Structure formats: structure tokens, C-alpha cells
Amino acid sequence: STRIERARTASYIAYQRAATPEEESVSLVTLATAFTKREEWRQALNALKLALDLHETPELRTTYEGLREKYGFRVSNFSVDSDAASPRACFQFSELLPKRTDFSPYVAVAGQDKPVLWVDEQQIFVEGLKHGETYAITLRAGLPSTVDEALLKDAEFNIYVRDRSPSVRLAGKAYVLPR
């Protein structure tokens, strides 16, 4: 762990003192390697992207694309809230989503022209679903994020919205007495 910290510091100093774009790129690759040792994927991806902008090589492009595919912007999880009066599907992402963006071109629900969407930081909610129905939802490639990355490929989900869980609610001061 001390070696990783020293490597990170040394590669940053080498980046600051580099005289050519090639030297800057090499030091950024070393910095990205130190980040990957600690599983700091976002910092590693940012360093590799900058290294590519400075001096692109096929090996560096392959490394960056492989790391981006595995740890870049992606759908990290999804859930279905079927106990609400109006059920919805929720898709969580690995990075923040941009505010004031129309996501309707990137979300397709089979059988619906304009699905009702609601966005909150790292989540997209698809509203207006019905209990007991199955939906095919596609999050299309190109869906933007705040880290200057887009969704690499379509993410397809087949979602079943189960019926609500049984429950009893009493309004006001009501009592349930044994027989």
C-alpha cells in the first residue's frame, strides 16, 4: 500500500515535469495503474482517457476500452416497486445522470410510445406500469452521464410487475376484535 501511494505520487510528479505529450501519456498510464491497484476505477478511467488524448496507441486504446466496458458508466442494478398504487421500475446507474436532460429517446417500453420517466441523480424511474403485466424495457446505447461517457450498448430488461402484497388498512379509529 505504501508502494502504491509512492507510485501514484511519483507518476503525478512525472506528469507535471513531462516535456512531451508522449511522456505525459506514459506517466498517466502509470498513474492509472496505481489507481487500478486500489480499485479506484473512475480515477483510472479518467487518467487513461487523458493519456489517450495526449498520445494514442493501439495497446492503450485496448486497455482503456476493456476497463471502460467493465467499470465505466453502466446500469448497476434495477428493481420493481410493485407495492405502490402506481407501480414503477427503477434503474440504478454507476454514475450521476445529467440534470435537465430528456431521457425519453434512450428509454423504450414495448407497446408504449412515450413512457413516463422520472430521473433522480443516479436513477431512472419508469412510471405508469400496471400490476400483473410483463414489460420489455430497453435502455438504449448513448444514454448520457455526467462523466462524459455514454451507455456503450443497449441494456434490455424483461420485467414482471407482480400484484400488490396483501394488506389491511383501517381508516380512523377502527378496531379488529376476535370472534
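Everything discussed here concerns the structure shown above.
Keep in mind that this is a model prediction, so the values were computed, not measured.

Conventions adopted
Residues numbered from 1 in each chain as written. Predicted model: local features only at pLDDT ≥ 70, side-chain atom pairs only at ≥ 80, totals over all residues. Heavy atoms only, no water. Helix = DSSP H or I, 4+ residues; strand = E, 2+ residues; numbered from the N terminus. Buried < 20%, exposed > 50% of the residue type's maximum accessible area, 1.4 Å probe, protein only.

Trainee: Go over the environment of Arg-162, please, and point to the residues and values.
Mentor: Topologically, Arg-162 is positioned in the segment after β7 (155-161). Here Arg-162 falls in the partly exposed class, since its relative accessible area comes to 40%. Spatially, the C-alpha atoms of Arg-162 and Thr-134 are 8.8 Å apart, while their sequence positions differ by 28 residues.

Trainee: How would you explain unusual backbone geometry if you had to name every residue and give the values?
Mentor: Phi is positive for Glu-39, close to 60°, though the residue is something other than glycine. Checked against the element boundaries, Glu-39 lands in the loop between α2 (21-37) and α3 (41-54). In this structure, Glu-121 takes a positive phi of about 50° despite not being glycine. In this fold, Glu-121 is placed in the loop between β4 (116-120) and β5 (123-127). Given the relative accessible area of 55%, Glu-121 is considered exposed.

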